[in-house]
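# Descriptive analysis of the structure
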Amino acid sequence: MSLTPLVTSRDHQLGVADALVTLVEYGDYECPHCARAHPVVKEMQRRFGEHLRVVFRNFPLAQVHPFALHAAEAAECVAVHGGEDAFWRMHDALFEHQQDSPTSLADERLAAYAEAVGVDGALVVRDLANQAHLDRVREDFRGGVRSGVNGTPSFFVNGERYDGDWTDAEHFASVLGRAAKERGRSMTGMR
Amino acid sequence: MLLLSSPVPNVGASAPDFELRMTPQRSLRLSSLRGRPVVLVFYPADWSPVCGDQLTLLNEVLPEFEQLGTVLLGVSVDGAWCHGAYAGERRIRFPLLADFEPKGEVARAYGVFRAEDGTSERALFVIDAAGEVRWRHVAPVNENPGADGILTALEQIVARIPLMPAETDRHVREAIV
C-alpha cells in the first residue's frame with residue numbers, strides 16, 4: 001500500500017522536504033502502542049539527523065479510545081495558535097503523559113499541556129467545544145484509510161506502508177537506512 | 001442440513017441469500033436489504049486480537065459507508081449473546097450476525113468456512129443494490145485488510161447508482177424489524 005495523500009506543507013513535519021527518508025506515522029494519542037513507538041521515532045531522529053523527516057497524521061480510534069479525538073483536536077489547536085514548534089512539544093507531552101493516570105488525556109489535562117507549551121488553555125477548551133479542528137483530524141483519518149492504514153501506529157517509509165517490526169530500534173534503523181540508500185542511489189541516477 | 005462448502009461466489013454472481021440472528025430476538029435477511037449496497041465482513045471470532053482491530057477500524061469508518069448508502073454487516077460463528085457482549089464492550093455500531101446454528105452455514109455458502117478451525121476466513125464481499133457480488137477479498141487470517149479496498153469497490157458501484165444517505169437508516173430499520 002502506498003501513501004495516498006502525499007506529504008505537503010499542510011502536514012506536521014520535522015525535517016526538510018528533501019531528506020533521504022520521510023517517515024509518516026498515523027497515530028492515536030491514546031493508543032498504548034503509539035506511546036511505545038514514540039521514543040523509537042525519537043531515537044530514529046537522533047540517529048538519522050537531517051537525513052530523516054518525520055510526519056505525524058492523526059488516526060484516532062475514537063470508539064475504543066474515548067480521549068483520542070479530543071487529544072488530536074487539542075494538538076491541532078496548539079499548532080494553529082502556537083505554531084509548529086508548539087505542536088511538536090504538545091505531541092511529545094501527550095504521548096509522554098498518556099499512561100500517567102486514567103484521566104491523563106481528559107480535557108483539563110489537554111488544556112494544561114497546551115499551557116505548558118505556551119498556548120492559552122482557554123483556547124483549547126473553546127476550540128474543543130466548537131470542534132474547530134475536527135475537520136482537520138477527520139481529513140487525516142480519511143486519508144489514512146485510503147492509504148491502507150488498518151490500525152495504529154501505521155508507518156510509511158518513503159511513501160510505502162511498512163508492516164514490519166518497529167519495536168526494535170536496531171531493526172527499524174536498518175529499515176530506514178536501506179530506504180535512505182535506495183533513495184540516495186535513485187537521486188544519484190537522476191543527475 | 002447439508003454442510004458442504006460451496007465455491008466462493010464470483011464477481012457478477014448473485015450473493016447467496018441467508019437469514020441470521022442479529023440479536024437473540026431479531027433476525028436479518030440479506031435479500032431484505034435489496035436496493036442498498038451491502039458489505040459482508042466475515043471474520044474468525046469475536047474477541048480475537050486481529051478481528052478487534054479490523055472491526056474497530058470499520059466501526060470508525062462507518063460514517064463513510066453511510067455516506068455511500070451502504071449497509072455494513074459483520075458475520076462470525078459466534079452466537080448472538082456473544083456478539084451482544086462484544087459489540088457492547090467495543091462500541092460496535094453495525095450489526096454482527098451469528099452464523100451459529102448450523103454453525104458456519106453461511107460461511108460455507110460463501111466458500112469461506114475453515115473446517116480445520118471451525119471458523120470462517122477473514123473475507124470481504126461487496127454486494128450491489130441488485131444483490132450481485134461486485135468485489136470480494138479473502139485476506140490471510142492474521143492480516144487486517146483495512147477498509148480501502150471496500151471503499152474503492154463501493155465508489156465504483158455508487159458512481160453508477162447514486163444513493164441518498166438519509167434513506168439508509170430507514171431502509172435498514174425496515175429490514176431489521
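Quick summary incoming for the structure in this document. None of the values given here were measured: they were computed from a predicted structure. (Residues numbered from 1 in each chain as written. Chains lettered and ligands numbered in written order. Predicted model: local features only at pLDDT ≥ 70, side-chain atom pairs only at ≥ 80, totals over all residues. Heavy atoms only, no water.)

### A short note on the overall build of chain A
Secondary structure assignment for chain A yields seven helices and five strands. With the principal axes as the frame, chain A shows a C-alpha extent of 50 × 30 × 30 Å. Within chain A, residue pairs in contact and separated by at least 24 positions form 77% of the contacts whose partners lie at least 6 positions apart. Carbon and sulfur atoms form 53% of the exposed surface of chain A, whose accessible area is close to 8700 Å². For chain A, the distance from the average position of its 20 positive side-chain charges to the average position of its 28 negative side-chain charges is 7 Å. (Helix = DSSP H or I, 4+ residues; strand = E, 2+ residues; numbered from the N terminus. Contact = heavy atoms within 4.5 Å. Areas by Shrake-Rupley, 256 points an atom, 1.4 Å probe, with all protein chains shown as cover. Lys, Arg positive; Asp, Glu negative; His and termini not counted. Charge placed at Lys NZ, Arg CZ, Asp CG, Glu CD.)

### Quick notes on the nonpolar core
It is characteristic of soluble globular proteins that their nonpolar side chains tend to be buried jointly. Of all hydrophobic cores here, the largest spans 47 residues; its most connected members are Tyr29(A), Met90(A), Phe172(A) and Leu176(A). Setting aside residues no more than four positions away along its own chain, Leu176(A) makes contact with Val21(A), Leu23(A), Met44(A), Phe48(A), Leu52(A) and Val157(A). The next biggest cluster of nonpolar side chains, apart from the first, holds 35 residues, and it includes Val55(A), Tyr43(B), Tyr86(B) and Ile150(B). (Core = buried A, V, L, I, M, F, W, Y, C linked by side-chain atoms within 4.5 Å. Buried < 20%, exposed > 50% of the residue type's maximum accessible area, 1.4 Å probe, protein only.)

### A short note on the packing of aromatic side chains
Residue and element names in this part refer to chain A. In total, this model carries 15 aromatic pairs over all chains according to the counting rule given. Consider the rings of Tyr26 and Phe59, whose centres lie 6.1 Å apart with planes at 85°: the pair is edge-to-face. Of the two residues, Tyr26 is situated in strand S2 (residues 21-27) and Phe59 in the loop between strand S3 (52-58) and helix H2 (68-82); the sequence distance between them amounts to 33 residues. The two residues Tyr26 and Phe59 agree in class, both being buried. Look at Phe59 and Phe141: their rings are 4.2 Å apart centre to centre, the planes differ by 20°, and that puts the pair in the stacked class. Remark: Phe141 occurs in helix H6 (residues 134-146) and Phe59 occurs in the loop between S3 and H2; sequence separation between them is 82 residues. Each member of the pair Phe59 and Phe141 is classed as buried. Put simply, the rings of Tyr26, Phe59, Phe141 and Phe156 pair up and form one aromatic cluster. (Phe/Tyr/Trp six-rings, centres within 6.5 Å; stacked < 30°, edge-to-face > 60°.)

### A closer look at the packing of helix H1 (residues 32-48) of chain A against helix H3 (residues 84-97) of chain A
Residues and elements named next belong to chain A. Here H1 crosses H3 at 130°, and the two axes come no closer than 8 Å. It follows from the interaxial angle that H1 and H3 lie oblique. As H1 runs across H3, the sense of the crossing is left-handed. Within the contact between the two elements, H1 uses Cys34, Ala35, His38 and Lys42 and H3 uses His91, Asp92, Phe95 and Glu96. Partitioning the contact of H1 with H3 into residue classes produces three nonpolar, two polar and three charged. (Axes fitted to C-alpha atoms, helices over the stretch in contact; angles between N-to-C directions. Parallel < 35°, antiparallel > 145°, perpendicular 65-115°, else oblique. Left-handed = near helix turned anticlockwise from the far one by under 90°. Nonpolar A, V, L, I, M, F, W, Y, C, P; charged D, E, K, R; others polar.)

### Points about the pairing of strand S3 (residues 38-42) of chain B
Residue and element names in this part refer to chain B. Most of S3 sits inside the fold, with five of its five residues counted as buried. The alternating pattern of S3 places Val38, Leu40 and Phe42 on one face and Val39 and Val41 on the opposite face, and all of these are buried. Alignment of S3 against strand S8 (residues 122-127), held across five bridges, turns out to be antiparallel. Bridge assignment links Phe42 to a residue of S8, and that residue is Ala123. (Pairing = 2+ DSSP bridges.)

### A look at the interface of chain B and chain A
Many descriptions give the size of an interface as the accessible area lost when the pieces come together. Contacts between the two partners involve 17 residues from chain B, matched on the other side by 14 residues from chain A. Counting each side, the surface lost to burial between chain B and chain A is near 1300 Å², with a carbon and sulfur contribution of 52%. Among the salt bridges present, the one from Arg146(A) reaches Glu155(B), with a minimum N-O distance of 2.7 Å. Summed over the shared surface of chain B and chain A, the number is seven residue pairs in polar contact (both at pLDDT 80 or more). Secondary-structure elements contributing two or more residues to the side of chain B that touches chain A are helix H1 (49-67) and helix H4 (148-160) of chain B. Looking at the side of chain B that touches chain A element by element, the count peaks at seven residues for H1(B). In terms of residue class, the side of chain B that touches chain A is made up of four nonpolar, five polar and eight charged. (Buried area = accessible area lost by both parts, 1.4 Å probe. Salt bridge = Lys/Arg side-chain N within 4 Å of Asp/Glu carboxyl O. Polar contact = N/O pair within 3.5 Å; in protein donor to acceptor, adjacent residues only side chain to side chain.)

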